[in-house]
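# Breakdown of the fold
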Amino acid sequence: MTRPTGTPVPADPKVGGHRPSPPDGRALVAALAITQTIGYGALYYAFAVFLVPIAADLHTSTTAVTGAFTASVLTSAVLAVPIGRRLDRRGGRALMTCGSLLGTVLLIAWSQVDQLWQLYAVQIGIGIASAASLYEAAFAVIIAWHAPQRRSAALLALTVVAGFASTIFLPLTGWLTAQHGWRTTLLILAAIHAVTAPLHAIVVRRPPAADGHADTRDRGTGARAVRTALADRGFWLLAAGFTAHTMAISAYTVLLVAALIAWGHPPAFAATIAGLLGVLSVAGRLITTGLQRRYRTTSITAGIFALQAAAALLLPAVGASTVGAVMAVVGFGIGFGVATIAKPVILAERYDTRRYATLAGVLVAPMTLAKAGAPLAAAALHTATGSYTPVLIGVACCCGIAAAAIAACTPGRTT
């Protein structure tokens, strides 16, 4: 199960058709870390703060407002594959720049909505902007620019910084909303988000081709590479594993605070414990990247997913006590952000990176649908049973399925 050590992995110019990491690779990673932190903070996490005040101003229910956010997530899912194809063919510069510009414009438009349908229209647009400018696009750029032995470190740097988006933007958005109201806060967030477009335009470039015939070779082999990957049993095991894990993460995130309160903990304690998930996600990514020097990424990922299954099963049994709740949440939280960094690494290890974004889009589409649907399924199960125990058993089962599917992927490249 161990990966040979002591021998550097050579950059393969045939993988992705690119030379090893360019001298400005660090500037690229640093710029993307900034844009992803701002993008997720403004386009994704801020919505939770605006939920109640927007519902009050529009004279509607929080459920109706939440539906707009769901529409945004579903839009991103629908666009995952076509945007992946565009990234593979044209690179990320124009797409990410336009997506960032669109996001800024829509934040301004969001501040002016006064009817529910307008909110839905804006959120659908934000779904488009997010698909074009956030993680999946950034990952495709990172994978293309960096040689195999440097990709994990580059992805880690990006996701560790962007992992603090919620830590930064949730309290910032809450404070601004309390001081200025949600409409003015959105204008301030739009001003902050405006810096992402020039950063993408200046820093993101197509990586240098290994030779002058790279584009011709891509046209000849790209479709075949995708077909080969889609015919691979391991690819669909990855799809099943990461989709099941996304279901578990999404349901767990939504129900954790309510479950802890139901078991007798004060709301402040429940919120604080839930807040550990963001910090733990960074810790999990650091652990995963460190272990990759000795073990295969699939083995590490499967092991952490199995740990999460055990922690989810443990929570109903020990969650009524303070120590038990903390231990169970920490056990689950270690794997909270692992899929984010493991998925691009595994795809790049197994398949031709010239079509990385297309294949990532195929994986992301069901994952995004699961992310949108799992909280609804968890809420329905809790309503039907009157208990959080069956929901957490379901979360554990999803993590177990994810662990088994990832572990079943055979090692080695398939294309």
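Residues numbered from 1 in each chain as written. Predicted model: local features only at pLDDT ≥ 70, side-chain atom pairs only at ≥ 80, totals over all residues. Heavy atoms only, no water.

### Quick look at the overall build of the protein
Rules: Only runs of H or I of at least four residues qualify as helices and only runs of E of at least two qualify as strands under DSSP, and these elements are numbered from the N terminus. Summary of the burial criterion: residues with accessible area below 20% of their type's maximum are buried, those above 50% are exposed, and those between are partly exposed, where the area comes from a 1.4 Å probe applied to protein chains only. Only the protein chains shown count as covering a residue, and every accessible area follows the Shrake-Rupley method with a 1.4 Å probe.
Per the secondary structure count, the protein includes 17 helices and zero strands. A buried classification covers 53% of the 415 residues belonging to the protein. Of the roughly 17300 Å² that the protein leaves accessible, carbon and sulfur atoms contribute 68%.

### Brief notes about the pattern of salt bridges
The test is simple: A pairing counts as a salt bridge when a side-chain nitrogen of Lys or Arg comes within 4 Å of a carboxyl oxygen of Asp or Glu.
As enumerated under the stated definition, the model contains two salt bridges in all. Two residues, K343 and E136, come together in a salt bridge whose shortest N-O distance is 3.1 Å. With a gap of 207 residues between them, K343 in helix 15 (residues 338-350) and E136 in helix 5 (residues 135-145) connect regions that are remote in the sequence. By relative accessible area, E136 is classed as partly exposed at 26%. For R350, the salt bridge identified is with D232, shortest N-O distance 2.9 Å. You can see R350 sitting in helix 15 and its partner D232 sitting in the loop between helix 10 (214-230) and helix 11 (233-262), a full 118 residues away along the chain. Exposure remark for D232: the relative accessible area of 15% places this residue in the buried category.

### Remarks on the packing of aromatic side chains
Put simply, the rule reads: Ring geometry is summarised as follows: Phe, Tyr and Trp rings, the Trp one being its six-membered ring, pair when their centres sit within 6.5 Å, and such pairs are stacked at plane angles under 30 degrees, edge-to-face over 60 and tilted between the two.
Enumeration according to the criterion identifies twelve aromatic pairs in this entry. Considering the side-chain rings of F235 and Y351, the 5.9 Å spacing of their centres and the 75° angle between planes classify their relative orientation as edge-to-face. Note that F235 is positioned in helix 11 and Y351 in the loop between helix 15 and helix 16 (356-385), a separation of 116 residues in sequence. An identical accessibility class is assigned to F235 and Y351; each is buried. Look at Y252 and F332: their rings are 3.8 Å apart centre to centre, the planes differ by 15°, and that puts the pair in the stacked class. Note that Y252 is positioned in helix 11 and F332 in helix 14 (residues 322-333), a separation of 80 residues in sequence. F332 shares its class with Y252; the two are buried. Each member of the aromatic cluster is reached from another via a ring pair, and the members are Y40, Y44, Y45, F47, F50, F69, W110, Y135 and F139.

### Overview of helix 1 (residues 25-57)
Under the convention used in this document: To estimate how far a helix should reach, multiply one less than its number of residues by 1.5 Å. By definition, a residue's bend is the angle between the axes fitted to the seven residues ending there and the seven starting there.
Compared with an ideal rise of 1.5 Å per residue, which puts 33 residues at 48 Å, helix 1 spans 46 Å between its outermost C-alpha atoms and is within 8% of the ideal. At F50, helix 1 shows its strongest bend, of approximately 55°, with the proline P53 following within four residues. H59 occupies a position one or two residues after helix 1 and carries a positive phi of about 55°.

### As for the packing of helix 13 (residues 297-318) against helix 14
Each pair of packed helices gets described by two things: the angle between the helix axes and the distance between those axes. The cut-off we apply is this: The convention used is that axes are lines fitted to C-alpha atoms, helices contributing only their stretch in contact, and that angles between N-to-C directions extend from 0 to 180 degrees. In this scheme, roughly parallel covers angles under 35 degrees and roughly antiparallel covers those over 145, while 65 to 115 is roughly perpendicular and the rest are oblique. Definitions for this section: a left-handed crossing has its near helix turned counterclockwise from the far helix by less than a right angle. A right-handed crossing has that turn clockwise. Should any heavy atoms of two residues lie within 4.5 Å, those residues are considered in contact. Three residue categories are used. Nonpolar comprises Ala, Val, Leu, Ile, Met, Phe, Trp, Tyr, Cys and Pro, charged comprises Asp, Glu, Lys and Arg, and polar comprises the others, including Gly.
Two elements in contact, helix 13 and helix 14, have axes separated by 8 Å at closest approach and are oriented at 160°. As judged from the angle between their axes, helix 13 and helix 14 are roughly antiparallel. For the pair helix 13 and helix 14, the crossing hand works out as left-handed. Residues L307, Q308, A311, A312, L314, L315 and V318 of helix 13 form the contact with helix 14, whose participating residues are G324, A325, A328, G331 and F332. Per-class residue counts for the contact of helix 13 with helix 14 are nine nonpolar, three polar and no charged.

### Some remarks on the environment of R93
Filter applied, for reference: For this analysis, a polar contact is any N or O atom pair within 3.5 Å, provided that within protein one partner can donate a hydrogen and the other can accept it, and provided that sequence-adjacent residues contribute only side-chain to side-chain pairs.
Mapped onto the fold, R93 is located in helix 3 (residues 93-110). For the pair R93 and A137, spaced 44 residues apart in sequence, the C-alpha to C-alpha distance is 9.6 Å. At a separation of 2.9 Å, a polar atom in the side chain of R93 contacts the main-chain carbonyl oxygen of A201.

### Focus: the nonpolar core
What counts is decided by this rule: In plain words, nonpolar cores are sets of buried Ala, Val, Leu, Ile, Met, Phe, Trp, Tyr and Cys residues tied together by side-chain atoms within 4.5 Å.
Among the nonpolar cores identified, the biggest contains 64 residues, and L32, L238, F242, F305, L347 and Y356 are the most heavily contacted of them. Considering each element in turn, this core owes the most residues, nine residues, to helix 5. Those residues in contact with Y356 that sit more than four places away from it in its chain are D88, E136, F139, A140, I143, K343, P344 and L347. Counting 29 residues, the second-largest nonpolar core is a separate cluster that includes A270, A311, L392 and C399.

### Section: the side chain of T368
You can see T368 is positioned in helix 16. Take T368: its relative accessible area is 12%, and that puts it in the buried class. In contact with T368, other than residues within four places in its own chain, are V73 and A77.

### Things to note about the packing of helix 1 against helix 8 (residues 182-193)
Running from N to C, helix 1 and helix 8 point in directions that differ by 170°, and their axes come no closer than 10 Å. In terms of orientation, helix 1 and helix 8 fall into the roughly antiparallel class. Counting all contacts with helix 1, which are made through I38, G39, A42, L43, A46, F50, P53, I54 and D57, the residues of helix 8 involved are W182, R183, T185, L186, L189, I192 and H193. Of the residues belonging to the contact of helix 1 with helix 8, the class tally is eleven nonpolar, three polar and two charged.

### What to know about the confidence of the model for the protein
The condition is simple: Per residue, pLDDT captures the predictor's confidence, and it can take any value from 0 to 100.
Counting all residues, the mean pLDDT for the protein is 85, and 89% of those residues have values of 70 or more. Counted against residues more than four places away or in other chains, residues 1-23, with its pLDDT under 50, gives 56 contacts. Across residues 210-214, confidence stays below pLDDT 50; counting only partners more than four residues off in sequence or on other chains, it has seven contacts.

### Let's talk about a nonpolar patch on the surface
Selection rule: Residues with no salt bridge and a relative accessible area higher than 30% make up the patches, which join like charges within 9 Å and nonpolar side chains (Val, Leu, Ile, Met, Phe, Trp, Tyr) within 5 Å.
Side chains of L102, I124 and I128 sit close together on the surface and give an oily, nonpolar patch of about 200 Å² of accessible area. The topology assignment puts I124 in helix 4 (residues 116-133).

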